[in-house]
Amino acid sequence: MKRSLFFLAFLMVNFMSGCAVTETQSLIKGYASYRERIGLPPNAIFKVTLEDISLMDVAATTLGSVTIDPAGQAPINFAIGYNPEEIKPGHRYAVRGRITVDDKLMFITDTTHPVLAEAQQNTVSLKMVHVQHQAKQARATKSMTFTNFPIHLLGLLPGANCQTQYQLDLFSNHAYFISVQCFKNGKPSTANPYDIGRWHIDPSTQKLILTGGHESPLFFRVIDSNTVEKLDLQGNKIDSNLNYQLERSMTATTLEPTVLMQGMYQYMADAANFRECITGLKLPVVFEGDHQALESAYLKDQSAAGTNLKVHIEGSIVQRPIVDGVGEQAVLHVERFIKTMPTESCDNPYVDASFTNTYWRLTALNGKGIDRTQPAKREAHLIFHNANDGTAQVSGSTGCNRISGTYQQDDQQLSIASEGMAMTRMACANAKAEQAFLSTLEVVTGWAVKGNYLELYDAGGGSVARFEATYLY
């Protein structure tokens, strides 16, 4: 009887919202609520959708939706009809909700609420946040919008004495290639326009910063995922009405820069590799150009094959077909061997540690360093990894008890599930420190890796925890 009444209510809701219901549909049922003690105005509208969120960097596919107009007051009960034949094994599904008033957003879900498939549930409780809190998070992560690498940004910008053709290639591992070619009377006048290095985005200023072979970094303002604007040498907006924007091109090819490089060279079993110091790029070396001189110097300076030797060369990073594979890969062509540097190494401060499969040791919490004078059974840390079934899992320690659970990561956004977090129950000498650590994990909404350090941010963009990398894999 209860099920019949619920389905009748579902029919009425969908009738009011203009959605047809068929006998072949199944239901996702639930309710939406929010923490604030705010009553909804009579013209508030609630919309909830069921989406396939399996594909990264691709818009979610809507499988069903319901609009309740007027929304009434929280908690708002809803039921979404969907075709069970559209549910695919291995896919991820979630429910999203939003409340608008006069087409202006008032409340929205800011975390993923999984259903069906892996979640194995057809009921859901949506926790919504007020748009004021959501706006802070949007500002904190607005600059973190680059997806679908490599990214090719092109533009013809004004220069002091010529027009300057820019091409900036950004890669997912935070390496970049850039070409800055000056044209006079339609002819290129720059002898070598290339540079390579590392890029990152400052979340507080939304500036794209390039650190490479230049004496000082290059600065760009991120306008959106397809557009950046060149800034001056101090990172300020150029005082001009002229256009300084680079636009994303979907047809441009990756640059093949020729530059002076230093890096760690390795030769063994008729194969050679080179790890460039600034970018951290690891490149196979082709046996062409001046490679014979490099190989001879390596064999002279190294006591055993397979060890690493720092070398100085002029080289080209070019695209070549993958041997016994499909597509192309970047390789190093040695244009000119300069010298070996046997007493030096290439521990590059610009190479970022991996977010996953790294032992992250807690060094600061809410701006305060960790007090290591207090007795602790173990070190507070986190490890993010993927389980055998593909589930994103996090494990670690509070400094006393072991913890394990799940997390969700989307570009620079991060949430660590507090519900369902497993934890041992040992007595702790510093219970307040453990509780502070757990409470901090609950408010995390963003992350960034800077060298060997991981920063976790709250919705306002403030750093709430800092970790140092210890490599495990």
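Being a predicted model, the structure only gives us computed values, none of them experimental.

Criteria and thresholds
- Residues numbered from 1 in each chain as written.
- Predicted model: local features only at pLDDT ≥ 70, side-chain atom pairs only at ≥ 80, totals over all residues.
- Heavy atoms only, no water.
- Helix = DSSP H or I, 4+ residues; strand = E, 2+ residues; numbered from the N terminus.
- Buried < 20%, exposed > 50% of the residue type's maximum accessible area, 1.4 Å probe, protein only.
- Contact = heavy atoms within 4.5 Å.
- Areas by Shrake-Rupley, 256 points an atom, 1.4 Å probe, with all protein chains shown as cover.
- Phe/Tyr/Trp six-rings, centres within 6.5 Å; stacked < 30°, edge-to-face > 60°.
- Pairing = 2+ DSSP bridges.
- Axes fitted to C-alpha atoms, helices over the stretch in contact; angles between N-to-C directions.
- Salt bridge = Lys/Arg side-chain N within 4 Å of Asp/Glu carboxyl O.
- Disulfide = S-S within 2.5 Å.
- Core = buried A, V, L, I, M, F, W, Y, C linked by side-chain atoms within 4.5 Å.
- Polar contact = N/O pair within 3.5 Å; in protein donor to acceptor, adjacent residues only side chain to side chain.
- Arc of directions from axis to C-beta.
- Expected span 1.5 Å × (residues − 1).

*Asks:* How do you make sense of the overall build of the chain when you look at a structure like this?
*Replies:* In terms of regular secondary structure, the chain is built from four helices and 32 strands. Buried residues in the chain amount to 41% of all 473 residues. Excluding contacts between residues fewer than 6 apart, the proportion of contacts in the chain whose partners are at least 24 apart in sequence is 54%. When the accessible surface of the chain is split by element, carbon and sulfur atoms take 50% of a total near 25600 Å².

*Asks:* Would you explain the packing of aromatic side chains in this entry?
*Replies:* Aromatic rings in a pair are described by how distant their centres are and how their planes are angled relative to each other. Following the criterion strictly, the structure yields 11 aromatic pairs and no others. Summarising the aromatic geometry, the rings of Phe 355 and Trp 447 are spaced 4.5 Å apart at their centres and angled 35° between planes, so their arrangement reads as tilted. Note that Phe 355 is positioned in the loop between strand E22 (328–340) and strand E23 (358–365) and Trp 447 in strand E30 (residues 446–450), a separation of 92 residues in sequence. Plain terms: the ring middles of Phe 384 and Tyr 407 are 5.1 Å apart, the flat faces sit at 85° to each other, and that makes the pair edge-to-face. Of the two residues, Phe 384 sits in strand E25 (residues 381–386) while Tyr 407 sits in strand E27 (residues 402–410), which places them 23 residues apart along the sequence. When its relative accessible area of 6% is taken as the criterion, Tyr 407 is described as buried. Pairwise contacts between aromatic rings join Tyr 265, Tyr 267, Phe 287 and Tyr 298 into one cluster.

*Asks:* What is the right way to look at the sheet that holds strand E20 (residues 282–284) in this model?
*Replies:* The strands making up a sheet are joined through hydrogen bonds of the backbone, oriented either antiparallel or parallel. Taken in spatial order, the five strands of this open sheet run E20-E19-E18-E21-E22, and their pairing is antiparallel. If you trace the sheet from one side to the other, it starts and ends with E20 and E22, each paired once. Direction aside, the axes of adjacent strands within the sheet are offset by 45° on average. Of the pairings in the sheet, the one linking strand E18 (residues 258–268) to strand E21 (residues 309–321) comprises eight bridges and is antiparallel in character. Counterpart to Thr 258 in the pairing with E21 is Ser 316. Those strands touched by helix H3 (residues 291–301) are E18, strand E19 (271–276), E21 and E22, and its axis lies near 50° from that of E18.

*Asks:* I tried to follow the pattern of salt bridges on my own but got confused; where do I start?
*Replies:* Scanning the model with the defined rule gives seven salt bridges in all. Across the salt bridge formed by Glu 229 and Arg 221, the nearest N and O atoms sit 3.0 Å from each other. Given a relative accessible area of 9%, Glu 229 falls into the buried group. Given a relative accessible area of 35%, Arg 221 falls into the partly exposed group. When the shortest N-O distance is used, the salt bridge between Arg 336 and Glu 314 registers 3.1 Å. A residue pair is termed long-range when its members are at least 10 positions apart, and Arg 336 in strand E22 and Glu 314 in strand E21 qualify at 22 residues. Relative accessible area serves as the criterion here: at 22%, Glu 314 is assigned to the partly exposed category. Several salt bridges converge on common partners, so that one network encompasses Arg 221, Glu 229 and Lys 237.

*Asks:* Where do I start with the state of the cysteines in this structure?
*Replies:* Each disulfide is one covalent bond, formed between the sulfur atoms of two cysteines. Here the structure, examined in full by the defined rule, presents one disulfide. Disulfide pairing places Cys 400 opposite Cys 428 at an S-S distance of 2.2 Å. The sign of the -95° torsion about the S-S bond sets the Cys 400-Cys 428 disulfide as left-handed. Residue Cys 400 is found in the loop between strand E26 (392–397) and E27, and its partner Cys 428 is found in the loop between strand E29 (422–423) and helix H4 (431–442); the two are separated by 28 residues along the sequence. Take Cys 400: its relative accessible area is 6%, and that puts it in the buried class. Given the relative accessible area of 22%, Cys 428 is considered partly exposed.

*Asks:* Could you clarify how one ought to interpret the pairing of strand E10 (residues 163–170) in this entry?
*Replies:* Burial analysis of E10 places six of its eight residues in the buried class, the great majority of the element. Summarising the sheet, strand E9 (residues 151–158) and E10 pair through eight bridges and their orientation is antiparallel. By the bridge assignment, Leu 156 is partnered in E10 with Gln 165. Between the antiparallel neighbours E9 and E10 lie four residues. In terms of strand pairing, E10 meets strand E11 (residues 175–184) through eight bridges, oriented antiparallel.

*Asks:* Quick question: what am I supposed to make of the nonpolar core here?
*Replies:* The tendency in soluble globular proteins is for nonpolar side chains to be buried side by side. With 27 residues, the main nonpolar core has Ile 28, Leu 40, Phe 46, Leu 50, Phe 78, Val 95 and Ile 99 as its most contacted residues. Counting only elements with at least two residues in this core, the list comes to strand E1 (26–34), strand E2 (44–52), strand E3 (61–68), strand E4 (76–82), strand E5 (93–101), strand E6 (104–109) and strand E8 (123–130). Those residues in contact with Leu 40 that lie beyond four places of it in its chain are Tyr 34, Ala 71, Gly 72, Gln 73, Ile 76, Ile 99, Met 106 and Phe 107.

*Asks:* Explain the side chain of Arg 198 here, please?
*Replies:* Topologically, Arg 198 is positioned in strand E13 (residues 194–202). A polar side-chain atom of Arg 198 sits 2.6 Å from the main-chain carbonyl oxygen of Asn 173.

*Asks:* Can you walk me through H3 in this structure?
*Replies:* Listing the buried residues of H3 in full gives His 291, Leu 294, Glu 295, Ala 297 and Tyr 298. Along the long axis of H3, the arc covered by the buried residues comes to 165°, so they all point the same way. Of the exposed residues in H3, the ones pointing more than 90 degrees away from its buried face are Gln 292 and Lys 300.

*Asks:* Would you take a moment to explain H4 for this structure?
*Replies:* Structurally, the α-helix is built with 3.6 residues per turn, so residues lying three or four positions apart point the same way. Here H4 spans 17 Å end to end across 12 residues, near enough to the 16 Å set by a 1.5 Å rise per residue. For H4, the complete set of buried residues consists of Glu 434, Phe 437, Leu 438, Thr 440 and Leu 441. Summarising the axial view, the buried residues of H4 lie within an arc of 160°, below the 170-degree limit, and thus occupy one face. Turned more than 90 degrees away from the buried face of H4, the exposed residues are Lys 432 and Glu 442.

*Asks:* Where do I start with the environment of Cys 277 in this structure?
*Replies:* By the element assignment, Cys 277 lies in the loop between E19 and E20. Cys 277 gets classed as buried once you look at its relative accessible area, which sits at 12%. Residues Cys 277 and Ser 345, 68 residues apart in the sequence, show an inter-C-alpha distance of 9.0 Å.

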